[in-house]
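Observations on the three-dimensional arrangement
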Amino acid sequence: MIEPPSEPQSPAPAPSRPSAFVQVLRGLRVWDPQVSALPPFDPATAPAEPVSLFAAWFGEVVAAGEVEPHTMSLATADAEGRPDVRTVMLHDVDARGWHFASHTGSRKGRQLAARPYACLGFYWPLLGRQVRVRGPVTVEPAEVAHADLHARSTGALAAALVGHQSEVLPSYAELERASEAAWARAEREPDVAVPSWTAYVVEPDEVEFFQGDTRRRHVRLDYRREEGGWVTELLWP
């Protein structure tokens, strides 16, 4: 029996060179020892509830010189369950939970109205720390939102007065005009009400603390709320 001629073998493709972007990524260091100092974390010494540990860690990253440690990622979901995330500012932490504020008509405000559950993420690279907070979201009374806004800067009040957050902006010139008018009103009426400004609280049912380790033996301590209070467990990194 005559064998059919074999198909010619295609040469193996030459390995592609990483793109300039990938080369930049590979040149970056995580927790550079010239910048970061990864402290030890013994979970056996952690308090029985997460707020005290968060406050202690927050004070330590502030003392270490972390830039804007009060900024956090806020993750929500739309009506179809598709995730969304943005960076917002932490306003307070207390026994109830983690506080922030925004406009009810913003994208996050609309999503929280439809699905009042959120996740927060903090990342403090100077100490190699992360904190993740998950739980239902509660709307505070209007007077709380008013006091929160007017305890902040004139610029914060002016930005709130501009409003229209997440709406389509026809031109940047229109934003400039609205901002100038809002600044003038904020200075003229420092106690003016902004009805759309809303204060929210994430009341956690889970809080995870992550401490990085140079040998990648990261410590992950997870707090979960149960009927009797908080329970803790370690997670594999």
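Residues numbered from 1 in each chain as written. Predicted model: local features only at pLDDT ≥ 70, side-chain atom pairs only at ≥ 80, totals over all residues. Heavy atoms only, no water.

Observations regarding the packing of aromatic side chains
Here the distance between the centres and the angle between the planes together describe a pair of aromatic rings. What the rule picks out here adds up to 12 aromatic pairs. Considering the side-chain rings of Phe58 and Trp124, the 6.0 Å spacing of their centres and the 70° angle between planes classify their relative orientation as edge-to-face. Placement of Phe58 in helix H2 (residues 50-63) and of Trp124 in strand E5 (residues 117-124) is noted, with a sequence separation of 66 residues between them. Ring geometry for Tyr223 against Trp230: centres 6.3 Å apart, planes inclined by 80°, an arrangement best described as edge-to-face. Residue classification places Trp230 among the partly exposed residues on the basis of a relative accessible area of 22%. (Phe/Tyr/Trp six-rings, centres within 6.5 Å; stacked < 30°, edge-to-face > 60°. Helix = DSSP H or I, 4+ residues; strand = E, 2+ residues; numbered from the N terminus. Buried < 20%, exposed > 50% of the residue type's maximum accessible area, 1.4 Å probe, protein only.)

Some words on the pattern of salt bridges
Inspection of the entire model under this criterion finds 16 salt bridges. Across the pair Arg132 and Glu206 runs a salt bridge, and its minimum N-O distance is 3.4 Å. One end of the pair, Arg132, is in strand E6 (residues 129-139); the other, Glu206, is in strand E8 (residues 206-211), and 74 residues separate them in sequence. Overall, the relative accessible area of 29% leaves Arg132 in the partly exposed class. A residue is classified by how much of its surface remains accessible, and Glu206, at 13% relative accessible area, is buried. (Salt bridge = Lys/Arg side-chain N within 4 Å of Asp/Glu carboxyl O.)

A short note on the side chain of Asp148
As for its position among the elements, Asp148 is in helix H4 (residues 142-150). Of the side chains with opposite charge, Arg152 lies nearest to the buried Asp148, which makes no salt bridge, at 4.8 Å. Within the structure, the side chain of Asp148 is placed 3.4 Å from the side chain of Trp197, a separation counted as a polar contact. (Lys, Arg positive; Asp, Glu negative; His and termini not counted. Polar contact = N/O pair within 3.5 Å; in protein donor to acceptor, adjacent residues only side chain to side chain.)

Remarks on H2
Residues spaced three or four apart along an α-helix face the same direction, because each turn holds 3.6 residues. Here H2 is 14 residues long and its end C-alpha atoms lie 20 Å apart, about the 20 Å a rise of 1.5 Å per residue gives. Among all positions of H2, only Pro50, Val51, Leu53, Phe54, Trp57 and Val61 are buried. End-on, the buried residues of H2 take up no more than an arc of 155°, which puts them together on one face. Here H2 starts with a cap whose side-chain oxygen sits 2.9 Å from the backbone nitrogen of Val51, and that cap is Glu49. Following H2 by one or two positions, Gly65 has its phi on the positive side, about 95°. (Expected span 1.5 Å × (residues − 1). Arc of directions from axis to C-beta.)

By themselves, these are just geometric observations and shouldn't be taken as functional.
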